[in-house]
Amino acid sequence: MTQNHLLNDPELIAERDRWFGRLQSLFDGTYREKRVFVLDGVLARGKSDPYAEPERWIDECLEDIAENKAQLIRNDRKFVPVCVEYGPYGVHYIDKILGADVFFQDGQWYNRYLTTPIGELREPDLDSDETFQLSLRAAKRFADSGASFPLYGLPTIASTLNIAVNLYGQEILVEMLTDPDNARRDLETINRTLIRIHKAFRAVLPPEQLQPVISWGRTQPPGYGQLCGCTTQLISGELYRDMIADLDEDLLNVYENGGMIHLCGSHAQHIDCFRSMKSLKALQLNDRAAADLPLYFEGLREDQIIYLCPCEEMTVEQAVKLTGGRRLVINAAISGEIAMPE
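Residues numbered from 1 in each chain as written. Predicted model: local features only at pLDDT ≥ 70, side-chain atom pairs only at ≥ 80, totals over all residues. Heavy atoms only, no water.

1. Examining the state of the cysteines
Put simply, the rule reads: Here, two cysteine sulfur atoms that lie within 2.5 Å of each other are counted as a disulfide. Note on classification: 1.4 Å probe, protein chains only; a residue is buried when its accessible area is under 20% of the maximum for its type, exposed when over 50%, partly exposed between these limits.
Under the definition given, this model contains 0 disulfides. As a non-bridged cysteine, Cys-83 has Cys-61 as the owner of its nearest cysteine sulfur, 11 Å distant. Judged by relative accessible area, Cys-83 falls into the buried class, the value being 0%. The structure places no disulfide on Cys-273, whose sulfur is separated from the nearest cysteine sulfur, that of Cys-230, by 17 Å.

Okay, structure coming up:
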């Protein structure tokens, strides 16, 4: 068997799908394994300029998988999904599509705020948008390659509130309080754009391989979406419930199984609202949010899964003791197996 055959190796695909089956059983509440579920995927790398030659960059990622990473799925202790992810402009991908000036400085992407008034944002023409078309070319190259083993992660499609704060800074938060109808116009425009972009990628990519952003660390079973909820730490539970939650649900409902919200801050004021969101099936807790695991584990529904990135305030051992390993995915580079508590 040549290296390229590993991209379609039925044994590797079967191993990947066995892990997906275990993960789906966790979501379904039927997980009966004697070990805690650990997720620690790997990301392929390309060498070419992804902004100038996205197709060649995808080809190089597939070569990297065939030569270096495909066999990592053979791991009986943890799920090691092998992923390609094309993410132009980082977390400012949508900002650029919506007209922001995005630039690279000191090793990362930034954007400047829009100068147009809040309430006048217009949906972009995706057919002519260079940034979107660049990312679509990469996705089509992956789909056309026929490689059926690796997963494909989307660019950072983020969330409505994340994007609104990127575009306007604190002014959108003030507008949500002082002129909610005007703020809502732009929030709805952003959300429609996010939904259109998710649907466009879903029309191109094989559903069993498509994953939202950070595909190697937030991997869910096929058919689940995701959004980044980092900025919800900036608003009250009431404001999130009244202005944002229904938009987040609409975005997650693009996927037949709903999906995940990623959190990295103090978001516990939203737990009651998260519990009520039917499309919300998982939360990833990072940084301060991880330290609040007891609040989430007790406050969420029994059918809502927690992906935990361990931290000093909430170690793996503490998390397993607290949860009994139930409804829990550990996001960490752990070498050994973690047994379920007796």
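Still to come is the rest of the account.
2. Some points on the side chain of Thr-323
Just so we agree on the cut-off: Helix and strand assignments come from DSSP, with helices taken as H or I runs of at least 4 residues and strands as E runs of at least 2, each series counted from the N terminus. Polar contact is defined as a pair of N or O atoms within 3.5 Å, subject to the rule that within protein one atom must be able to donate a hydrogen and the other to accept it, and that residues adjacent in sequence are counted only when both atoms are side-chain atoms. Two residues qualify as a contact provided that any one of their heavy atoms is within 4.5 Å of a heavy atom in the partner residue.
Along the polypeptide, Thr-323 turns up in helix 12 (residues 316-323). On the accessibility criterion, Thr-323 (3% relative accessible area) is buried. Within polar-contact distance, the side chain of Thr-323 engages the backbone oxygen of Ala-319 at 2.8 Å. Residue contacts for Thr-323: discarding those within four places in its chain leaves Leu-293, Phe-297 and Leu-328.

3. Some points on the side chain of Arg-301
With respect to the helices and strands, the residue Arg-301 is situated in the loop between helix 11 (293-299) and strand 11 (305-308). At a separation of 2.7 Å, a polar atom in the side chain of Arg-301 contacts the side chain of Asp-303. Excluding residues that lie within four positions of it along the chain, Arg-301 makes contacts with Phe-274, Arg-275, Ser-276, Met-277, Lys-278, Leu-280, Lys-281 and Arg-327.

4. Some details on the sheet that holds strand 11
Stated formally: The rule for pairing is simple: two strands pair if DSSP sees at least two bridges between them. Structural elements are reduced to axes, namely lines fitted to C-alpha atoms, with helices fitted over the stretch in contact, and the angle between N-to-C directions of any two is expressed from 0 to 180 degrees.
With parallel pairing, the 6 strands of this open sheet are ordered in space as 1-12-11-10-9-8. In this open sheet, the two edge strands, each paired with only one partner strand, are strand 1 (37-39) and strand 8 (225-228). Neighbour-to-neighbour, the strand axes of the sheet open up by a mean angle of 25 degrees, direction not taken into account. By the bridge criterion, 5 bridges tie strand 9 (residues 259-263) to strand 10 (residues 280-285) in an arrangement that is parallel. Residue pairing across strands places Ile-261 opposite Leu-283, the latter belonging to strand 10.

5. Some thoughts on the pairing of strand 8
The condition that has to hold: Look down the strands so they point away from you; if going from the first strand over the helix to the second traces a clockwise path, that crossover is right-handed.
The alternating pattern of strand 8 places Gly-225 and Leu-227 and Gln-226 and Cys-228 on opposite faces, both of which are buried. As defined by bridge partners, strand 8 adjoins strand 9 across 4 bridges and the pair is classed as parallel. Opposite Cys-228, over in strand 9, you have His-262 as the bridge partner. Tracing the backbone out of strand 8, into helix 8 (residues 237-252) and back to the parallel element strand 9 gives a crossover that is right-handed.

6. As for the pattern of salt bridges
Which entries qualify depends on this criterion: Any Lys or Arg side-chain nitrogen found within 4 Å of a carboxyl oxygen on Asp or Glu counts as a salt bridge.
Per the counting criterion, the structure on display carries 25 salt bridges. One salt bridge in this structure joins Glu-55 and Arg-137, with 2.8 Å as the shortest N-O distance. With a gap of 82 residues between them, Glu-55 in helix 2 (residues 54-69) and Arg-137 in helix 4 (residues 130-145) connect regions that are remote in the sequence. Of the charged contacts, one joins Glu-123 and Arg-196 as a salt bridge, the two residues approaching to 3.1 Å between their closest N and O atoms. Of this pair, Glu-123 sits in the loop between strand 5 (108-112) and helix 4 while Arg-196 sits in helix 7 (residues 180-202), and the two are 73 residues apart along the sequence. Judged by its relative accessible area of 32%, Arg-196 is partly exposed. When salt bridges that share partners are traced, they join Arg-22, Glu-33, Arg-35 and Glu-337 into one network.

7. Here we look at the packing of helix 2 against helix 4
Basically, it comes down to this: Any angle that is under 35 degrees is reported as roughly parallel, and any over 145 degrees as roughly antiparallel; angles of 65 to 115 degrees are reported as roughly perpendicular and all others as oblique. Here a crossing is taken to be left-handed if its near helix is turned anticlockwise relative to the far helix by less than a right angle, and right-handed if that turn runs clockwise. Three classes are used, and their members are as follows: Ala, Val, Leu, Ile, Met, Phe, Trp, Tyr, Cys and Pro are nonpolar, Asp, Glu, Lys and Arg are charged, and the others, Gly among them, are polar.
Running from N to C, helix 2 and helix 4 cross one another at 40 degrees; their axes reach a closest spacing of 8 Å. With respect to helix 4, the axis of helix 2 lies oblique. Seen along the crossing, helix 2 lies across helix 4 with a hand that is right-handed. Across the interface between the two elements, Pro-54, Glu-55, Ile-58, Asp-59 and Leu-62 from helix 2 touch Leu-134, Arg-137, Ala-138, Arg-141, Phe-142 and Ser-145 from helix 4. For the contact of helix 2 with helix 4, the residue count by class is 6 nonpolar, 1 polar and 4 charged.

8. Comments concerning the packing of helix 4 against helix 7
How two helices pack is summed up by the angle between their axes together with the distance between the axes. Packing of helix 4 against helix 7 leaves a shortest axis separation of 10 Å and a crossing angle of 25 degrees. The orientation of helix 4 relative to helix 7 falls into the category roughly parallel. Once helix 4 is placed against helix 7, the crossing between them reads as right-handed. Listed contacts from helix 7 to Phe-132, Ser-135, Leu-136 and Ala-139 of helix 4 are Ile-197, Ala-200 and Phe-201.

9. Focus on the environment of Gln-108
Relative to the assigned elements, Gln-108 resides in strand 5. In sequence terms Gln-108 and Asn-166 are 58 residues apart; their C-alpha atoms lie 15 Å from each other.

10. Notes on the nonpolar core
Quick note on the threshold: Only buried residues count toward a nonpolar core. Its members are Ala, Val, Leu, Ile, Met, Phe, Trp, Tyr and Cys residues joined through side-chain atoms within 4.5 Å.
Counting 119 residues, the largest nonpolar core has Val-84, Met-176, Phe-201, Ile-261, Phe-274, Leu-285 and Tyr-296 as the members making the most contacts within it. Tallying contributions element by element places helix 8 first for this core, with 8 residues. Each residue touching Tyr-296, except ones within four places of it in the same chain, is listed here: Leu-263, His-267, Ala-268, Ile-271, Phe-274, Leu-283, Leu-285, Ala-289, Ile-306 and Arg-327.

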